[in-house]
Amino acid sequence: MRFENKRVFVTGAASGIGAATVELLRAEGARVFGVDVSDAPGIHFCDVTDGATITAAMEQAVSEMGGLDVLVNVAGVNWFSKVEDITLDLWQKHLDVNLTGPMLVTQAAIPHLRASKGNIVTVASISGIQGQPYNSSYCASKAGLLLFMKAIAVELAVDGIRVNCVCPGGVDTAMSTNALSNIKGEIDFGHFPKMMGVLPGMMPPVKIAEAIAFLASDAASSTTGASLVVDNGTLWQ
Ligand SMILES: NC(=O)c1ccc[n+]([C@@H]2O[C@H](COP(=O)([O-])OP(=O)(O)OC[C@H]3O[C@@H](n4cnc5c(N)ncnc54)[C@H](O)[C@@H]3O)[C@@H](O)[C@H]2O)c1
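These numbers were taken from a predicted model, which means no experiment stands behind them.

## Some thoughts on the pairing of strand β4 (residues 70-73)
Taking every second residue as pointing to the same face, both faces of β4 are buried, with Val70 and Val72 on one and Leu71 and Asn73 on the other. Note that strand β1 (residues 7-11) and β4 share 3 bridges and pair parallel. Each bridged residue has a counterpart across the sheet, and for valine 8 the counterpart in β4 is valine 70. One ladder, built from 4 bridges, connects β4 with strand β5 (residues 119-123); its direction is parallel.

## Thoughts on the site of the ligand
Around the ligand, 31 residues are found, and the nearest of them are Gly12, Gly16, Gly76, Thr173 and Met175. Where the shell around the ligand is concerned, the elements lending two or more residues are α1 (16-27), α3 (88-116) and α5 (174-178). Class assignment of the residues belonging to the shell around the ligand gives a composition of 15 nonpolar, 14 polar and 2 charged.

## Notes on unusual backbone geometry
Of note, tyrosine 134 is a non-glycine position whose phi angle comes to about 65°, a positive value. For tyrosine 134, the position within the fold is in the loop between β5 and α4 (136-156). Its 22 C-beta neighbours within 10 Å are what place tyrosine 134 among the buried residues. The phi angle at asparagine 232 is positive, at roughly 55°, despite the residue not being glycine. Residue class for asparagine 232 comes out partly exposed when judged on the 19 C-beta atoms lying within 10 Å of it.

## Focus: the nonpolar core
In this structure, Val8, Phe9, Leu71, Val72, Val166, Ile208 and Ile212 are the most contacted members of the largest nonpolar core, which totals 59 residues. Looking at this core, the element that brings in the most residues is helix α6 (residues 205-216), giving 7 residues. Leave out the neighbours within four places in its chain, and valine 166 touches Val121, Val123, Ile208, Ala211, Ile212, Leu215, Leu228 and Val230.

## Overview of the environment of asparagine 78
Structurally, the position occupied by asparagine 78 is in the loop between β4 and α3. Each C-alpha atom of the pair asparagine 78 and arginine 114 lies 32 Å from the other, and the pair is 36 residues apart in sequence. Discounting chain neighbours no more than four positions away, the residues touching asparagine 78 are Tyr138, Met175 and Ala179.

Conventions used here
- Residues numbered from 1 in each chain as written.
- Predicted model: local features only at pLDDT ≥ 70, side-chain atom pairs only at ≥ 80, totals over all residues.
- Buried ≥ 20, exposed ≤ 12 C-beta atoms within 10 Å, placed from the backbone.
- Helix = DSSP H or I, 4+ residues; strand = E, 2+ residues; numbered from the N terminus.
- Pairing = 2+ DSSP bridges.
- Near = placed C-beta within 6 Å.
- Nonpolar A, V, L, I, M, F, W, Y, C, P; charged D, E, K, R; others polar.
- Core = buried A, V, L, I, M, F, W, Y, C linked by C-beta atoms within 7 Å.
- Contact = placed C-beta atoms within 7 Å.

Pasting the structure below:
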């Protein structure tokens, strides 16, 4: 029960990694306020690209839970595209949800985390470290997210707020199932083995939830500014 009496805000909580995180943290004693743009039982509406809905959701969360100890930024989008087919709309959507979104939600959480000396865990991706074919918009958004989080880890250390990232490889969720559906025309699958791990298969979302839980817990009280890679050994090749 690592999260007894801890108050947690999770974005992207309706499915995949976010839903697994809500379930794991609740099982370990946390009070969790989950938000998403998609409907799911017990999940509140919040669009991480929209400041007004973030403010409303954060106020409701803090009021219901009596404060905030942990922010988990999970919400994200991913559509593969050949570089010459990237529309401004596709590019902007990746930056809005994957980069601007966590920045806005983090801003809303900071006053409450200052009060509790809490921490932030953000789901970035190995796509923010490794160049991936047909995925340059997503890679750019996640690389920006990693450096944003590293920068504020330094800035917020004086407030006693820790800031860390988890960088997953391939996880078995709706996102990874749907990401390739956007590509037009022929693609060279010869590139894709470099995106697979030395351990077989896609990871279940709970493997990422476990890494999030470690970084959010007191066991990681000496860890800030870290990017914990959980990727079945994809980058280690
Ligand atoms: N699945 C993978 O292989 C993989 C790998 C590395 C990183 N990630 C990252 O993990 C995170 C979770 O992805 P997932 O795989 O669980 O996918 P998912 O599609 O199951 O979950 C993403 C959730 O984010 C929500 N969301 C999208 N836009 C939103 C918005 N504007 N405001 C609020 N919520 C929004 C979606 O409704 C969805 O419930 C993402 O940040 C993703 O980039 C996933």
